[in-house]
Amino acid sequence: MRILAEAAIDTRFANISNVLIYSAMAVFLFAFLAYAAEWTFGGRSRVARQSAALAGRGSLAETVAEAEAEATKAGQAPTVAVTVTRAGGGTTTLTRTVAAKAGKVDVVTRGDAAPPVDGVGASGGDEGADRLGRIAVSLTTLAALLDLCAVITRGISAHRPPWGNLYEFTCAMTVVAALLFVGLLTAGKDVRWMGLPVTLGAVLGLGIAVAVFYTDSEQLVPALHSYWLWIHVSGAMVCGGALYAGAVAAVLFYAKDVYEQRKGQELIKGGWWSDVFDRLPAAATLDKWSYRINAFVFPLWTFTIIAGAIWAEAAWGHYWEWDPTETWAFITWVAYACYLHARATAGWKGRKAAVLAFVAFACYLFNAYGVSIFINGKHSYAGV
Amino acid sequence: MTSDLDAAERLSSAPTEDGDTGGEVGIGVVGWLRWMWRQLTSMRTALILLFLLSLAAIPGSLVPQISASPTKVAAFVANHHTLAPIYQKLGLFHVYSSFWFSAIYLLLFISLAGCIVPRTWQFVGVLRAQPPAAPKHLVRLPVYASWRSRGSGSDSNAGAGAERTLDAAEALLRKRRFRVARDGDAITSEKGYLREVGNLLFHISLFGMLIAFAVGKLFGGMGTVLLIEGKGFSNNVSQYDDFMPSTFYTADSLDPFGFKLDRFEATYQTTGDQLGTARTFQANVSYWTGSDASTAKKATIRVNDPLTVDGSNVYLTAHGYAPVFKVTDAKGNVVFDGPTPCLPQDGNITSVCAIKVNDGYVDNNGTATQIGISGIFTPTAATDASVKKLGPHSIFPDLADPKIYLTAYHGDLGNNSGAPQSIYQLDTKHMAQYKFADGTPLTLPLAPNQGFKLPSGGTVTFTGIQQWANFTVAHNPGTGWALTSSMLAVLGLIGSLFVQRRRIWVRAVTSPDGTTTVELAGLARSESARIAEELAELALELQDTAPADVEADAEPIEESAVQEPSADDDKVAAGPTTTTTTKE
Ligand code: HEM
């Protein structure tokens, strides 16, 4: 037999990676349970929630007062404070108060430009539930880091990008989703509501990766020997992680929108579900998140497809041949273009657009998994 | 009210929906045509066509396509007697060139043109005009602030307030890179034109991509050729195994060049659960341009690393083994001596082979006949026990223990029947299988350098093994254009999705008592929450010139005009034009 010139696999790192994946999965699961507990216990104390909401408003007013006082007192650089007032019937007015040297200016925002009335959040203002929620966030961060380390050690063990097969691709995608979530929280965005679905997705993703797609850490098949693997596949992976969040937001928007409408028609009598829905952000906020994430990903997805086409040109002789994976990438792309168009078309924004966002994500999933498993194309994603 | 209408002009020049344009549509052909054109270029139609396009692309991923794999299509046709003709009629074996797929994307692009051209036109108009005049009632805009100033600010002299405030606001807005214009007692300004530029660039680039793709289809082409180590190829149609021309790429368009496969190398995984998975493939070739092979240069072709010669690329697409056989006839003459490529069937390169001795063979009786040997080649043979159970198969793709399991026929190979033949398979319809003396069919395994005697005289010897590689030679014009326009599309998208277009107005009026009333108002698309911050910052910066030092809201300006915008009307998002609502 010929001597094979191949870099050895460092099994030590491969083993560490496996242990880290299991740990990440366990921690994601705990985080998921903690979020679930936050939703559950937060719901119990309606009273606590309402008083918290009131307290919250009070503290905002205080902030303004403080800012004003400070500015007038010191006569220094004026500051801006923000207040949100909520009138009945779901209308809000957002006021930015510019506390100047000798007076104040209110910048009033209303109508569509004003922020919608969001629910108070999972904890419902309950202190115990809030603590659970914060524990959940810490656990999510920990799990994301473990997951990240798992992916990195896997890469070290094989001396190559750690996304050479579906197992690695799925693991890396959970890292992206979790880091995106943690990143948004760190940036001060109010997205803790996303914690439950994100950790659920991570647990399921890692579980399926380990149970169905697992392969030992190995070298790449020749078809994947290309620096485009770094660019094209990592692009697809980042898109996947982010689009999951976009789809979650779209689904929640749909549900909340239906809820708000029925509530407006006084068809909702309260109860546990109503309690959960009340604590979710407003439908308009969820819609905004769904749009922002999907719109952010769309150019990246476009770029990913282009990178794939360049790679195909180098590997197979033509940049576009309607190979099943290419076809489904195209379908996914057009579906997201549909979504973006729908958002700009009267009569299509809102729920119909949300359905399109969800369908588009289903196309993405089918492309990543369905096509690899059920349809044999030229794309050889090893290890399935 | 016209100024209010101007202000409320949508910040996107997207076509508005047109449910009620009936008034303009006259009866008659022109009216109908206009109506149809308007329908076709509406956003709703674009949306539906996009949706149809994605639906229409699906069958091509499920039904085998002629372009990708003619053999799979043939197999499908053979196995589905009722479905296949229907599929054929519907063009399901060539979805992406079928009439219905073409119809959808052509309609989409017509719609796109009908959308882009007026939009571009309109946008040029916007760029040439000043930012729209300030609405009369700034207070009605979604983001609004006002204060009064006696002008006791740092270095002011009372009374000159309005002018100075406007000057300051103008400077501040210019610093923020707004396009600014004076409009009487107000300043009007706008920013974020790149959004529209990006959107137009994106949609226009789609045309670029379509054209590049069409050019590739019309002027491009490819061919495939299988080369055994040591064999050469020169680029003309007769040397191709398979040549796929296009409308304008024919036998005459081929670039003159040639290459020779010196050696093919592969490495495979030798341990772990991916045992046998290929790790590297590489073809070492010598190539030349023109027809002079003596000027050959060396090159390596790998899977993701084609060789570019002139306007053509040479890709490595497949590889396999070619066992070398030597066949002699009853008189001892060598009638065949050479490699025969075998077709791999699985990851371990279990391959099927057909060795065809067309002429020269004469048997014991002096009769000329044709000889066919069909075999299964295994680079690393499975154990005998395993072969007995599962038939001949390879357990590793490299040549660790090569064997070929073969059986031989004599008679008519059927070459002259006119029907195309597979080089990997024998057509045994007119052939008889050789038998052992005891009457059982002659089948046996051979290792290299082993052979056997043909019952009708002569010998068959398995003398060695070579490798072959399959190459695709492709000419792809338009690729650079496709790349450029797709990159522009991404650039356009980034502008279109991330730039916020917005307008800010500032009005300052000094009343006889010397106080200046300053009003700021902003308008942006609803996805942008930043406009309020921007306005607040502006208000802050204006404090140096026009400090808020008169007790506010003694009597709010035009408060009577304020009304509740309803949340689900896009027009309202862009500015309240619906002024019919009465005050409670
Ligand atoms: C060829 C297929 C098309 C694709 C892939 C496509 C894709 C897109 C995408 C991704 C956007 C989002 C950018 C944004 O929201 O600003 C967009 C926006 C837009 N598209 Fe298309 N489009 C296509 C055809 C058309 C056609 C036929 C029309 C005209 C009827 C059209 C009109 C518009 C308009 C007006 C916008 C801007 C909407 C807004 O102001 O937000 N597009 N398109």
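Reading guide: rules and limits
- The residue numbering used here restarts from 1 in each chain and proceeds along that chain's sequence as written.
- By the order in which they are written, chains take letters starting at A while ligands take numbers starting at 1.
- In view of the model being predicted, local features appear only for residues whose pLDDT reaches at least 70, and side-chain atom pairs are presented and counted only at 80 or more, with totals across whole chains, interfaces and linings using the full set of residues.
- Processing note: side-chain calculations cover all non-hydrogen atoms of the structure and skip hydrogens and water entirely.
- To qualify as a helix, a DSSP run of H or I must reach at least 4 residues; to qualify as a strand, a run of E must reach at least 2; elements of each kind are numbered from the N terminus.
- Relative accessible area decides the class of each residue, using a 1.4 Å probe on protein chains only: under 20% of the type maximum gives buried, over 50% gives exposed, and in between gives partly exposed.
- The contact criterion used is simple: two residues touch if any of their non-hydrogen atoms lie within 4.5 Å.
- Residue-level accessible areas treat just the shown protein chains as cover; the underlying method is Shrake-Rupley with a 1.4 Å probe.
- In short, buried area is how much 1.4 Å probe accessible area vanishes from two parts on joining, totalled over both.
- By definition here, a salt bridge exists when the distance from a side-chain nitrogen of Lys or Arg to a carboxyl oxygen of Asp or Glu is within 4 Å.
- A 3.5 Å cut-off defines polar contacts: any pair of N or O atoms within that distance qualifies, except that in protein one atom must be a possible hydrogen donor and the other a possible acceptor, and neighbouring residues in sequence count only when both atoms are side-chain atoms.
- Residues are grouped as follows: Ala, Val, Leu, Ile, Met, Phe, Trp, Tyr, Cys and Pro are nonpolar; Asp, Glu, Lys and Arg are charged; every other residue, Gly included, is polar.
- The convention used is that axes are lines fitted to C-alpha atoms, helices contributing only their stretch in contact, and that angles between N-to-C directions extend from 0 to 180 degrees.
- If an angle is under 35 degrees, it is roughly parallel; if it is over 145, roughly antiparallel; if it lies from 65 to 115, roughly perpendicular; otherwise it is oblique.
- The handedness criterion is simple: a crossing whose near helix is rotated anticlockwise from the far helix by less than a right angle is left-handed, and one whose near helix is rotated clockwise is right-handed.
- Paired rings are identified among Phe, Tyr and Trp, the last through its six-membered ring, by centres lying within 6.5 Å, and are further divided according to the angle between planes into stacked (under 30 degrees), edge-to-face (over 60) and tilted (the rest).
- Comment: the charge-over-ring label is applied if NZ (Lys) or CZ (Arg) is within 6 Å of the ring centre and within 35 degrees of the ring normal.
- Cysteine sulfur pairs qualify as disulfides if the two atoms are within 2.5 Å.
- Think of the donor list as every N, O and S atom within 2.8 Å of the metal, or within 3.2 Å for Na, K and Ca; water never makes the list, so a site can look incomplete.
- Each patch groups residues whose relative accessible area exceeds 30% and which form no salt bridge, using 9 Å between like charges and 5 Å between nonpolar side chains of Val, Leu, Ile, Met, Phe, Trp and Tyr.

Turning next to the overall build of chain B. What chain B contains, in helices and strands, is 13 helices and 22 strands. The buried share among the 584 residues of chain B stands at 49%. Residue pairs in contact within chain B that sit at least 24 positions apart in sequence constitute 66% of those at least 6 positions apart. For chain B, the computed accessible surface area is about 27900 Å², with 58% contributed by carbon and sulfur atoms.

The next subject is the overall build of chain A. Looking only at helices and strands, chain A has ten helices and three strands in total. Ordered by position from the N terminus, the helices and strands of chain A form the series α-α-β-β-β-α-α-α-α-α-α-α-α. Counting all 384 residues of chain A, 54% fall into the buried class.

Right, let's talk about the environment of Val77(B) for a bit. Residue and element names in this part refer to chain B. Looking at the element boundaries, valine 77 is found in helix α5 (residues 70–79). In this structure valine 77 comes out as partly exposed when scored by relative accessible area, which is 31%. Distance in space between the C-alpha atoms of valine 77 and glycine 451 is 40 Å, their sequence separation being 374 residues.

Our focus in this paragraph is the interface of chain B and chain A. Contact residues are listed per partner, giving 90 residues for chain B and 79 residues for chain A. Interface area for chain B against chain A, summed over the two sides, is near 7000 Å², with a carbon-plus-sulfur share of 64%. Across the chain B-chain A interface, the total number found is zero salt bridges. Linking chain B with chain A are seven residue pairs in polar contact (both at pLDDT 80 or more), by the criterion used here. Counting residues per element, the side of chain B that touches chain A draws most heavily on helix α11 (residues 479–498) of chain B, which supplies ten residues. Tallied by class, the residues present in the side of chain B that touches chain A amount to 52 nonpolar, 21 polar and 17 charged.

A few words now on the packing of helix α4 (residues 166–186) of chain A against helix α6 (residues 228–264) of chain A. Residue and element names in this part refer to chain A. Close contact between α4 and α6 brings their axes to 8 Å; oriented N to C, the two are set at 50 degrees. Regarding the angle of α4 to α6, the classification is oblique. At the point where α4 passes α6, the crossing takes the right-handed sense. Between α4, through Phe169, Ala172, Met173, Val176, Ala177 and Leu180, and α6, the contact on the second element is made entirely by Val233, Ala236, Met237, Val238, Gly240, Gly241, Ala242 and Ala245. The class makeup of the residues in the contact of α4 with α6 is twelve nonpolar, two polar and no charged.

The next thing to look at is the pattern of salt bridges. A full pass over the atoms with the stated rule returns 24 salt bridges over all chains. When the shortest N-O distance is used, the salt bridge between Arg343(A) and Asp287(A) registers 2.8 Å. With Arg343(A) in helix α9 (residues 324–343) and Asp287(A) in helix α8 (residues 283–316), this pair connects stretches of sequence that are 56 residues apart. Here Arg343(A) matches Asp287(A) in class, with each residue buried. Each of Glu163(B), Asp167(B), Glu170(B), Arg174(B) and Arg182(B) takes part in salt bridges that share partners, so that together they form one network.

Here we come to the environment of Ala245(A). Residues and elements named next belong to chain A. With respect to the helices and strands, alanine 245 occurs in helix α6. Between the C-alpha atoms of alanine 245 and glycine 317, which are 72 residues apart in sequence, the distance is 36 Å. Excluding residues that lie within four positions of it along the chain, alanine 245 makes contacts with Leu180, Met194 and Ile293.

Glancing now at the packing of aromatic side chains. Here the structure, examined in full by the defined rule, presents 37 aromatic pairs over all chains. Ring plane angle 90 degrees and centroid distance 5.7 Å describe the contact between Trp163(A) and Trp230(A), whose orientation is recorded as edge-to-face. Taken together, the residues span a long stretch of sequence, with Trp163(A) in the loop between α3 (127–158) and α4 and Trp230(A) in helix α6 at a distance of 67 residues. Look at Trp230(A) and you get partly exposed, because its relative accessible area is 45%. Ring centres of Phe325(B) and Phe462(B) lie 5.3 Å apart, and the angle between their planes is 15 degrees; this geometry places the pair in the stacked category. Pair noted here: Phe325(B) is in strand β11 (residues 312–328) and Phe462(B) is in strand β20 (residues 459–475), with a separation of 137 residues, a long-range link. With relative accessibility at 0%, the residue Phe325(B) sits in the buried group. Overall, Phe462(B) belongs to the buried group, its relative accessible area being 0%. Among the aromatic residues, those joined into a cluster by ring pairs are Trp320(A), Trp322(A), Phe330(A), Tyr96(B), Phe101(B) and Tyr105(B). The ring centre of Tyr254(A) lies 6.0 Å from the NZ or CZ of Arg351(A), which sits over that ring.

Attention shifts here to the state of the cysteines. Scanning the model with the defined rule gives one disulfide over all chains in all. Each disulfide pairs two cysteine sulfurs, and for Cys342(B) the partner residue is Cys353(B), the sulfurs being separated by 2.0 Å. Between Cys342(B) and Cys353(B) the sulfur-sulfur dihedral comes to about 110 degrees; the bridge is accordingly right-handed. With a gap of eleven residues between them, Cys342(B) in the loop between β12 (334–339) and β13 (343–344) and Cys353(B) in strand β14 (residues 351–357) connect regions that are remote in the sequence. In this structure, Cys342(B) and Cys353(B) share a single accessibility class: buried. Cysteine Cys149(A) is unpaired, with the sulfur of Cys171(A) as its nearest cysteine sulfur at 13 Å.

Further remarks concern the coordination of the iron atom of the ligand. On the protein side, the iron atom of the ligand has His341(A) (NE2) and His203(B) (NE2) as donor atoms, found 1.9 to 2.0 Å from it. A relative accessible area of 11% means that His203(B) is categorised as buried.

Residue and element names in this part refer to chain B. Residues Val29, Val30, Trp32, Leu33, Trp35 and Met36 make up a contiguous nonpolar surface patch of about 680 Å² in total accessible area. Among the secondary structure elements, valine 30 is positioned in helix α2 (residues 29–40). Taking relative accessible area as the criterion, valine 30 reaches 58% and is therefore assigned exposed.

Below, the discussion takes up the environment of Cys363(A). Residues and elements named next belong to chain A. Take cysteine 363: it is sitting in helix α10 (residues 351–374). On the basis of relative accessibility, which here comes to 10%, the residue cysteine 363 falls in the buried class. Separated by 31 residues in the primary sequence, cysteine 363 and threonine 332 place their C-alpha atoms 5.2 Å from one another. In contact with cysteine 363, other than residues within four places in its own chain, are Trp328, Ile331 and Thr332.

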